[in-house]
Amino acid sequence: MASVTYDHVFKRFGDVVAVNDLDIEIEDKEFLVLVGPSGCGKSTALRCLAGLEDISEGQILIGDQVVNDVAPKDRDIAMVFQSYALYPHMSVYDNMAFGLKLRKYPKDEIKRRVDEAAAILGIEELLDRKPRQLSGGQRQRVAVGRAIVREPKVFLLDEPLSNLDAKLRVQTRTEITKLHQRLETTFIYVTHDQVEAMTMASRIAVLNQGILQQLDTPQNLYDYPDNLFVAGFIGSPAMNFFDAKLNSADGNLYVDTGAFAVKIPDDRKDVYMPHAGKGVVFGLRPEDIYDPGFEAPGIVAEHVEGSVEVTELMGNEIFVFFKSGDHDYVGRIDPRTSFKMGDKIQATFNMANMHIFDKETEQAIR
């Protein structure tokens, strides 16, 4: 097993900087997820680690070894791609065994490893089938099994669930999490799906335009985003943002959006008072907006006048899209609510969980 280090890594394609000064230390046995929108550099960073792309600057280490000039086959990593990349003319057994045969492992050792991996993944009965006889989920298991038999120091997974349907994605991500716990190996996983990142990772690296925005545990990213991008990317539905101004009056501090003003809690007033009079971005997650009739206990409540534009019934909750003045925002509301489209309502904001960002730098003010 091994740690992985990106030491100020750059990857350029001509004038385009795909990976910009990436500096991450990934601990042995950690499950790190690289997440971000399409084109943010996450897959490029993974391919650089695999040796499929040469880096332009910096160093990549696996354990204590600098692998910049080490051939991919000698890096002791195994990669699972978005496309299953199975050989169609080979059986499942032969697909899983192929890499070991190339390395001239003894037949009994190959059989032991393939049987063991098949048992872990629950595909023992599929070993004689060809890929065309398998479902998408089964093919993905075979691709993961082919990586497992290598017994590598590091597993690299590049959006392995994106070709699966929604139900199978949920099931397979649970299986991959269990697999990580069982194998106790370093996993580095790339996805654009922040739900996958939040549910699977021990830490998440959020990338945008090749730049690392924040590296932290899923809960800390959710609770304490460093900037507007991370705040808007982590969480579903995304955090609501309001252009606002901080106003001081009567010894209190208010967030004034023009359409409404809400009081900042007393225990956080001192943090924001130096920014009184300045333009800011006020952020509040949908789950911190309530129907006043079904407020959670212990919240710091401020009430906002608005109207209901659209409601979306989700079964265990209702997404309610509100409008206050020129501001559109969404709340995740208790399904017992009586809010209906077109209603003039009062929504409750839980100010204990609010976020304030500098309008110019887009950094969180803490």
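Residues numbered from 1 in each chain as written. Predicted model: local features only at pLDDT ≥ 70, side-chain atom pairs only at ≥ 80, totals over all residues. Heavy atoms only, no water.

On to the overall build of the protein, then. Helix and strand counts for the protein stand at nine helices and 20 strands. In terms of overall dimensions, the protein has C-alpha extents of about 80 × 45 × 35 Å along its principal axes. Evaluated residue by residue, the protein yields a buried proportion of 48% over its 366 residues. Taking contacts inside the protein between residues at least 6 apart in sequence as the whole, the part at least 24 apart equals 66%. Accessible area of the protein: about 17,100 Å², with a carbon and sulfur share of 47%. If the 41 positive side-chain charges of the protein are averaged to one point and the 56 negative ones to another, these points end up 8 Å apart. (Helix = DSSP H or I, 4+ residues; strand = E, 2+ residues; numbered from the N terminus. Buried < 20%, exposed > 50% of the residue type's maximum accessible area, 1.4 Å probe, protein only. Contact = heavy atoms within 4.5 Å. Areas by Shrake-Rupley, 256 points an atom, 1.4 Å probe, with all protein chains shown as cover. Lys, Arg positive; Asp, Glu negative; His and termini not counted. Charge placed at Lys NZ, Arg CZ, Asp CG, Glu CD.)

On to the pairing of strand 2 (residues 16-26). Both strand 1 (residues 4-13) and strand 2 contribute to a ladder of seven bridges, which runs antiparallel. If you follow Phe 13 over to strand 2, its bridge partner there is Val 16. Adjacent in sequence and paired antiparallel, strand 1 and strand 2 are bridged by two residues, among which Gly 14 carries a positive phi angle near 65 degrees. (Pairing = 2+ DSSP bridges.)

Let's shift gears to the packing of aromatic side chains. Tallied over the full model, the rule gives 15 aromatic pairs. Here Phe 260 and Phe 349 contribute two aromatic rings whose centre-to-centre distance is 5.6 Å and whose plane-to-plane angle is 85 degrees, an arrangement assigned as edge-to-face. Placement of the pair is Phe 260 in the loop between strand 12 (252-256) and strand 13 (261-263) and Phe 349 in strand 19 (residues 344-350), with a sequence separation of 89 residues. Within the aromatic cluster, the residues linked to one another by ring pairs are Phe 242, Phe 260, Phe 282, Phe 322, Tyr 329, Phe 339 and Phe 349. Against the face of Phe 13 rests Lys 11, its NZ or CZ located 4.8 Å from the ring centre. One residue, Arg 285, lies across the ring of Tyr 222, its end atom 4.2 Å from the ring centre. (Phe/Tyr/Trp six-rings, centres within 6.5 Å; stacked < 30°, edge-to-face > 60°. Lys NZ or Arg CZ within 6 Å of the ring centre and 35° of its normal.)

The strand order 13-12-11-14-20 describes an open sheet built from five strands, whose pairing is antiparallel. Each of the sheet's edge strands pairs with one partner strand only, and the pair in question is strand 13 and strand 20 (355-358). Between one strand axis and the next, the sheet turns through 40 degrees on average, direction left out of account. Bridge analysis of strand 12 against strand 13 gives three bridges, and the strand direction is antiparallel. The partner of Asp 256 across the bridge, within strand 13, is Ala 261. (Axes fitted to C-alpha atoms, helices over the stretch in contact; angles between N-to-C directions.)

Here the focus is the side chain of Glu 196. Looking at the secondary structure, you find Glu 196 in helix 6 (residues 194-200). Although buried, Glu 196 forms no salt bridge, and the nearest oppositely charged side chain, Arg 169, lies 4.6 Å from it. Here the side chain of Glu 196 touches Thr 191 through a polar contact of 3.1 Å, side chain to side chain. Sequence-distant contacts of Glu 196, that is, excluding residues within four places in its chain, are made with Leu 161, Arg 169, Arg 173, Tyr 189 and Thr 191. (Salt bridge = Lys/Arg side-chain N within 4 Å of Asp/Glu carboxyl O. Polar contact = N/O pair within 3.5 Å; in protein donor to acceptor, adjacent residues only side chain to side chain.)

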